[in-house]
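# An overview of the molecular structure
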Amino acid sequence: METTQQAGEPGAAERRRRELLEAADRVVLRDGPKASMNAIAAEAGITKPILYRHFGDKAGLYQALAVRHTDALLDSLRAALDAPAERRRRVEATLDTYLAAIEARPQVYRFLMHPAEDSHTAERGFDVGLHSAPLLRRLGEELAQVISERVDLGSDGERLARVWGHGIVGMMHAAGDWWLGERPCDRADLVAALTDLLWGRLATAGNRKDGPGF
């Protein structure tokens, strides 16, 4: 049980918050969208009011988990984009990185993107869509920045990079969601098909002279 002294120690709040997020991750891996604040509090060995004190409500906890997983995904996507390989291979690697991430932790993906139909009464006001849209927008803006820094898209390059960034994220999300639910093909086949769809303009666009290249 937490004490006032512990809460006041330097770094204790951040450390405790990290421990609670790790407990939440374990519950989400087990229960997916059905993960409840009660279950997470029990996993962490605390009462629900203490959990609320750290995150406010389920929306606050969701946001913290979303940031945690989005940060990790973005690091992986940047590594794939900057790998020493020719451009098409890096496009394939980036798409595969995203699909591999949702395939490896499908319950986490479903928690972040899909509501549970049988949510507990106290949590029915929680709207997953309200919170997942900013997550996708963040991914789109981050990818737009990567494209803008690396690819020469002409005088209107910044706007076009944002169109591409959000469009690619939307494609990855929609195609990945469908694929994860139905598994109509191997991941490699989906990666190849999506790369073919993207490749037209990317194949002909030059690198920015002042950028790291792509």
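Report follows, based on the coordinates. Not measured: the values here are computed from a predicted model.

By the element assignment, glutamate 92 lies in helix H6 (residues 87-104). If we skip the residues at most four places from it in the chain, glutamate 92 touches Val191 and Thr195.

Taken as a whole, the largest pocket holds about 320 Å³ of empty space. Together, 16 residues line the largest pocket, and His69, Leu73, Ala101, Ile102 and Leu112 are the ones closest to its centre. Every element with two or more residues in the lining of the largest pocket is listed here: helix H5 (58-81), H6, helix H7 (106-113) and helix H8 (128-150). The element that contributes the greatest number of residues to the lining of the largest pocket is H5, accounting for five residues. Within the lining of the largest pocket, the residues separate by chemical class into 12 nonpolar, three polar and one charged.

Our focus in this paragraph is the nonpolar core. Residues Leu51, Leu61, Leu95, Tyr98, Leu112, Ile147 and Leu153 are the most contacted members of the largest nonpolar core, which totals 59 residues. In terms of residue count, helix H9 (residues 157-182) provides more of this core than any other element does, 10 residues in total. Those residues in contact with tyrosine 98, other than ones at most four positions away along the chain, are Leu73, Leu77, Tyr109, Met172 and His173.

The next thing to look at is the pattern of salt bridges. Where charged atoms of side chains with opposite charge meet at close range, the side chains can pair. One pass over the full model with this rule turns up 18 salt bridges. A single network of salt bridges, built from pairs that share partners, joins Arg26, Arg30, Asp31 and Glu43.

Moving on to empty space enclosed by the protein. Following the criterion strictly, the structure yields two cavities of 30 Å³ or more and no others. Roughly 140 Å³ of volume is contained in the largest cavity. Taken together, Leu81, Val91, Thr94, Leu95, Leu143, Val146, Ile147, Ile168, Met172, Leu198, Leu202 and Phe214 form the lining of the largest cavity. Of all the elements in the fold, those that place two or more residues in the lining of the largest cavity are H6, H8, H9 and helix H10 (187-204). For the lining of the largest cavity, the per-class residue count stands at 11 nonpolar, one polar and no charged. When its volume is computed, the second largest cavity comes out at roughly 60 Å³. Along its surface, the second largest cavity is lined by Leu74, Leu77, Arg78, Leu81, Leu139, Glu142, Leu143, Val146 and Val169. Elements supplying a minimum of two residues to the lining of the second largest cavity: H5 and H8. Of the residues contributing to the lining of the second largest cavity, the split by class is seven nonpolar, no polar and two charged.

Here leucine 81 is to be found in helix H5. The exposure class assigned to leucine 81 is buried, which follows from its relative accessible area of 7%. Taking C-alpha positions, leucine 81 is 6.1 Å from threonine 94, a pair spaced 13 residues apart along the chain.

This part takes up the packing of aromatic side chains. For the structure on display, the rule yields one aromatic pair. Consider the rings of tyrosine 62 and phenylalanine 111, whose centres lie 5.9 Å apart with planes at 40°: the pair is tilted. Pair noted here: tyrosine 62 is in helix H5 and phenylalanine 111 is in helix H7, with a separation of 49 residues, a long-range link. Note on accessibility: tyrosine 62 and phenylalanine 111 belong to one class, buried. Just above the ring of tryptophan 199 sits the side chain of arginine 88; from NZ or CZ to the centre is 5.7 Å. Positioned over the ring face of tryptophan 179 is arginine 183, at 4.6 Å from the centre of the ring.

Here is what the cut-offs are and how they apply
Residues numbered from 1 in each chain as written. Predicted model: local features only at pLDDT ≥ 70, side-chain atom pairs only at ≥ 80, totals over all residues. Heavy atoms only, no water. Helix = DSSP H or I, 4+ residues; strand = E, 2+ residues; numbered from the N terminus. Contact = heavy atoms within 4.5 Å. 1 Å grid on protein atoms, 1.4 Å probe; cavity = no way out; pocket = protein on both sides within 12 Å on 5 of 7 lines; lining within 4 Å. Points joined across faces, edges and corners; volume = space filled by probe spheres on them. Nonpolar A, V, L, I, M, F, W, Y, C, P; charged D, E, K, R; others polar. Core = buried A, V, L, I, M, F, W, Y, C linked by side-chain atoms within 4.5 Å. Buried < 20%, exposed > 50% of the residue type's maximum accessible area, 1.4 Å probe, protein only. Salt bridge = Lys/Arg side-chain N within 4 Å of Asp/Glu carboxyl O. Phe/Tyr/Trp six-rings, centres within 6.5 Å; stacked < 30°, edge-to-face > 60°. Lys NZ or Arg CZ within 6 Å of the ring centre and 35° of its normal.

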